[in-house]
Amino acid sequence: MAIGFTWFISLFISDEMVEALATGFQNLYNKYTRSENGPQDGGRRDVYIVPVNNNTAVATGDAQSQFLLQRYRPKARRSFVFDAKHLCQAKTLKWHMMRQSRLRASMGQCCPVCIPNTPCGTAKVVSNLKNLLDIYNIGNIQKSMFGCFVDDLKFFYQLKSQEYKYIYDEVLEDEVVEKAIAAAARNACSEDAVVGDSRFDEEMKTQQANTRRILTVISANVKNWVYKVIGWFTYRMISLLATSLVVQPTQIDRVREAEQSGLPVIYLPLHKSHMDYILLGLVLTVNNIKPPLVAAGENLRVFFISKLLSFLGAFYIKRHIDTKRDQLYWSVLSSYIKNSMKNGHHIEFFLEGARTRSGKCCVPKAGLLSIIVDAYREKVIEDAWIIPVSMSYDRILEGNFVREQLGQPKKKETFFAAISTFIKAICSHYGIMRVDFNKPYRLRDLYESIDKLTKLENESLNKNGMEMMSATICYKTTVDRMAKHIVYDCWKSTPIMSTHAVCFLLLNKHRNGTTLEQLAKDLSLMRDKLSQADRDVGFSGRSIEVIKHALDLLGPKLVVYENTDSGRIVKPILDVPVLIELSYYGNNLISHFMHQSLVALTICKLIRWDFLDKAITEMIISRNDLVGDVTFLTNLLQFDFVFIKPCDTLDNIVDTVIRHFEEEEIILMDMILEEERRSQHIAKMLDSDSDDDYQRPYVEIDVKYRVNTNVNSLNKLKFYRSVMMPYLECMAESAGSFLALSNNSVIEREHVQTILNQMHENLKEGILSYGESISLDTIKHSFLAFEKFDCLKITTKDNIKTLQMNNQPNELNPCMQAMSDYIEEFVKQLN
């Protein structure tokens, strides 16, 4: 019958009509596929149609990679020509929608300097992101007549049950813990107390009971059935909250290989939200990878929730631990973590300590990492895998941290507050959530590399006649550097989400509003820059659609549309609370722009007066002056940012930024200056390689840079400058506040409030340019920085911090005066 129908149709179709139909189909095909000239629409068409034969099986492994790579070779692709045979076969072809594979930067690579034994690569790879909220895409579950609700339950029921050994008794019998108990009992009695003394024995029983109480609070009690039930419940809730939960399958494969090696795995996520440990545990669970024990703060020990989290692997620790005063607690905690790793458990904790209140990563605290390193040095474990992890959100579940940044006290965690947050959450939408794992590497490799670097620096101090660091300080320095290296690498490889990019552009380029078309153009340019720098983004599609998606998530409380004479524009609301919340999302891009911003701040300071003279086309600046000012800024902001890896130098960073600025024509290329720069580099190499007993004095060549001062160049400098300006404005306000003090000491809490009030006034008067510069965290960090510069001294008595000026009463502190004047040179407003 089909043959007869085809013959009947052919009677009414001439050869010209067949040719016309073929041409039409060919044009339609070209519209929805790649042309010979490469991908259309900037390579961002994220869905297209392909025909697949019914008998075609989906390739796996290397075959799949070759198949995907072939689609990026358009010249080798056979053209699709429609003829009668193709038209007849169209009914036998299966057509379906496929997600386009993208060439993505291989993110989270190991440092080639500190981890030399692990192969590293920067080449882009074909990667299909996987949405874990599609249960049929991650397991062997087939669709049933009962729907996804029951299918999800079946999937979690079939998950592998993991083994968790309860190590309570092993910790109590640990020799280190027993010594700590005896030492605590001896301190409570007297120094000359001995075993057998009735008072000492009674105190020993008291300390043993205290130890059991501490251990009961700390210990996790993992239940597999609870993990599965809560995992299913969490999975269903996240499906309601988010559009997708995205991972890269290649990263999951690496984590699985590390977990199956038999060594403990240390997961070190950046901390943005309470959802962090929930997402990480869920991702590992659905991929049948053993979830870790998670270090949680004691503030989460609230009714019902604390017991539930304990069943899920949480062990509770104090937020602030004094290792000298509370040796018993520290020994119990150390023993618990070491014995957990020894018995095959994996560990997860946050190097930053608390959640970031500003969106950027925080300077790490290395306390728990030192326990891991001690376990390796003491041969408790043979080695361990380090896996930095980053979670990225279009929107965070907590909403914002505006109250805390404005100086208001943090709300206490309670059961009812958690329920209230949960109810608000299920009534909102949070876009895309993404979990990324950096490439696993050995703890031994990182420790030995950083330790060698620290020892070389210590030897250098000795050669220069300076006091050497003690062994204890050397070890502490090594662990601190390890923590900074891990956080720096993880932050640099964190994907950029749509809300991050849009907020960053609105705050740094279009604070007064712009059209959607111009915002889309700037977003496309930023995407290209991030791609060139091997940074991945957590969104795809046309830039205009990405912006609309981000604006919808941010909502009218943060960003509004306005009708003006030039058309409809989008602009951020310039109220301080709104600016702080927008900066939370925009600050995720600081990791990419912070080095350029430091150099731009310094260049603007050095050529400030030439901004007023439009006749000058270029300006010469000194490299020595440039590096000196950048060094000052990195020291000033050392408690806000990790600017440099321990294995890198500031000179290398400045050179990289200068080359980047030369490409953007901010710095003008000069062959003579290039020769000077090259000769300086060679001179340094020859000087360092010299084996002569007599070292000749090295004369450094001060390279001069020609700064292009045309309008385009200055606009680029102003853009880069604006990235770090809120932090410098806050530092300037903090330094200036000490000059108005009538006494030489003040309570920290009171002075913080004074600075916040003054900043609000200065913002209204136009002295401050950035409302988001009002930040409690940065104010407190400024005090620590000023103490490092010997401008003030911080003392603590009865948990009250006091700031003491290094000057006589009713006199100006010359150090603080110089500090204030110097910072003001960077923050003066430009025309």
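Keep in mind that what you see is a predicted model, and the values were worked out from it rather than measured.

(A) Molecular detail of unusual backbone geometry. Its identity as a non-glycine residue notwithstanding, E665 has a phi of 65°, on the positive side. Along the chain, E665 falls in the loop between α25 (650-663) and β17 (667-668). Its identity is not glycine, yet N799 carries a phi of approximately 60°, on the positive side. Counting through the fold element by element, N799 comes out in the loop between β20 (792-797) and β21 (800-805).

(B) Main features of the sheet that holds β21. A sheet is described by the order of its strands in space; here 3 strands give the open sequence β19-β21-β20, paired in antiparallel fashion. Looking at which strands have only one partner, the edges of the open sheet turn out to be β19 (745-747) and β20. Averaged over all pairs of adjacent strands, the angle between their axes in this sheet comes to 25°, without regard to strand direction.

(C) Inspection of helix α10 (residues 249-259) at higher detail. Within the sequence span of α10, burial applies to Q251, I252, V255, A258 and E259. All buried residues of α10 fall inside an arc of 120° around its axis, so they share one side.

(D) How the structure looks around the pattern of salt bridges. Applying the stated criterion to the full structure yields 23 salt bridges. The partner of K165 in a salt bridge is E170, with the nearest N and O atoms 3.0 Å apart. The network of salt bridges with shared partners includes D383, R442 and R444.

(E) Here's a closer look at the side chain of S340. For S340, the location among the structural elements is in helix α13 (residues 327-342). A polar atom in the side chain of S340 sits 2.7 Å from the backbone oxygen of Y336. Contacts of S340, omitting those with residues within four sequence positions, involve I167, L293, H345 and I347.

(F) Main features of the packing of aromatic side chains. Applying the stated criterion to the full structure yields 24 aromatic pairs. Between the aromatic rings of F155 and F156, the centroid separation amounts to 5.4 Å while the plane-to-plane angle is 90°, which identifies the pairing as edge-to-face. Taken as a pair, F155 and F156 share a single burial class, namely buried. Linked through ring pairs, F504, F593, F661, F719 and Y720 together constitute an aromatic cluster.

(G) Representation of the sheet that holds strand β16 (residues 618-622). Strand order across the open sheet formed by 3 strands is β16-β18-β17, with antiparallel pairing between neighbours. One side of each edge strand has no neighbouring strand; the edge strands of this open sheet are β16 and β17. Bridging between β16 and strand β18 (residues 704-708) involves 5 bridges; their strand directions are antiparallel. Looking at the pairing, I621 lines up with Y705 of β18.

(H) Spotlight on a nonpolar patch on the surface. On the surface, F233, I419, F422, I423 and I426 cluster together to form a nonpolar patch covering roughly 410 Å² of accessible area. With 4 residues, the top contributor of residues to the nonpolar patch is helix α16 (residues 415-426). Mapping F233 onto the fold places it in helix α9 (residues 224-241).

(I) Looking closely at helix α19 (residues 498-508). Within α19, 11 of the 11 residues are buried, which leaves the element mostly enclosed by the surrounding structure. Where α19 is concerned, the buried positions are S498, T499, H500, A501, V502, C503, F504, L505, L506, L507 and N508.

(J) Here's a closer look at the packing of helix α27 (residues 711-739) against helix α29 (residues 776-788). Contact geometry for α27 and α29: axes closest at 9 Å, N-to-C directions at 65°. Between α27 and α29 the crossing geometry is right-handed. Together, Y727, C730, M731, S734, A735 and F738 of α27 and T778, I779, H781, S782, F783 and F786 of α29 make up the contact between the two elements. The residue makeup of the contact of α27 with α29, split by class, is 8 nonpolar, 4 polar and no charged.

(K) Quick look at the state of the cysteines. Taken as a whole and judged by the stated rule, the model has 0 disulfides. Counting only cysteine sulfurs, C647 is the nearest neighbor of C114, a cysteine outside any disulfide, at a range of 3.6 Å.

(L) Region of the structure containing the environment of T285. Mapped onto the elements of the fold, T285 is located in helix α11 (residues 275-286). Note on T285: relative accessible area 12%, which makes it buried. Separated by 54 residues in the primary sequence, T285 and G231 place their C-alpha atoms 7.7 Å from one another.

(M) Inspection of the environment of L263 at higher detail. Within the element layout of this structure, L263 appears in the loop between α10 and β7 (265-269). Put simply, L263 and A384 are 121 residues apart on the chain and 5.4 Å apart in space, counted from C-alpha to C-alpha. Beyond its immediate chain neighbours, meaning those up to four positions away, L263 contacts A258, H346, E382, D383, A384, W385 and R442.

(N) Representation of the pairing of β20 within the structure. Summarising the sheet, β20 and β21 pair through 6 bridges and their orientation is antiparallel. Bridge pairing links I794 to L803 in β21. If you look at the hairpin formed by β20 and β21, you'll find 2 residues sitting between the two strands, and D798 has a positive phi there, around 55°.

(O) Highlighting the packing of helix α14 (residues 367-377) against helix α17 (residues 443-463). Following both chains from N to C, one finds α14 and α17 inclined at 95°, their axes separated by 11 Å at the closest point. Between α14 and α17, the angle is such that the two are roughly perpendicular. When α14 is examined against α17, the residues I372, V373, Y376 and R377 are found in contact with a partner set consisting of L443, R444, Y447 and E448. Across the contact of α14 with α17, the residue classes break down as 5 nonpolar, no polar and 3 charged.

Reading the values: the criteria
- Residues numbered from 1 in each chain as written.
- Predicted model: local features only at pLDDT ≥ 70, side-chain atom pairs only at ≥ 80, totals over all residues.
- Heavy atoms only, no water.
- Helix = DSSP H or I, 4+ residues; strand = E, 2+ residues; numbered from the N terminus.
- Pairing = 2+ DSSP bridges.
- Axes fitted to C-alpha atoms, helices over the stretch in contact; angles between N-to-C directions.
- Buried < 20%, exposed > 50% of the residue type's maximum accessible area, 1.4 Å probe, protein only.
- Arc of directions from axis to C-beta.
- Salt bridge = Lys/Arg side-chain N within 4 Å of Asp/Glu carboxyl O.
- Polar contact = N/O pair within 3.5 Å; in protein donor to acceptor, adjacent residues only side chain to side chain.
- Contact = heavy atoms within 4.5 Å.
- Phe/Tyr/Trp six-rings, centres within 6.5 Å; stacked < 30°, edge-to-face > 60°.
- Patch = residues over 30% accessible without salt bridge, like charges linked within 9 Å, V, L, I, M, F, W, Y side chains within 5 Å.
- Areas by Shrake-Rupley, 256 points an atom, 1.4 Å probe, with all protein chains shown as cover.
- Left-handed = near helix turned anticlockwise from the far one by under 90°.
- Nonpolar A, V, L, I, M, F, W, Y, C, P; charged D, E, K, R; others polar.
- Disulfide = S-S within 2.5 Å.
- Parallel < 35°, antiparallel > 145°, perpendicular 65-115°, else oblique.

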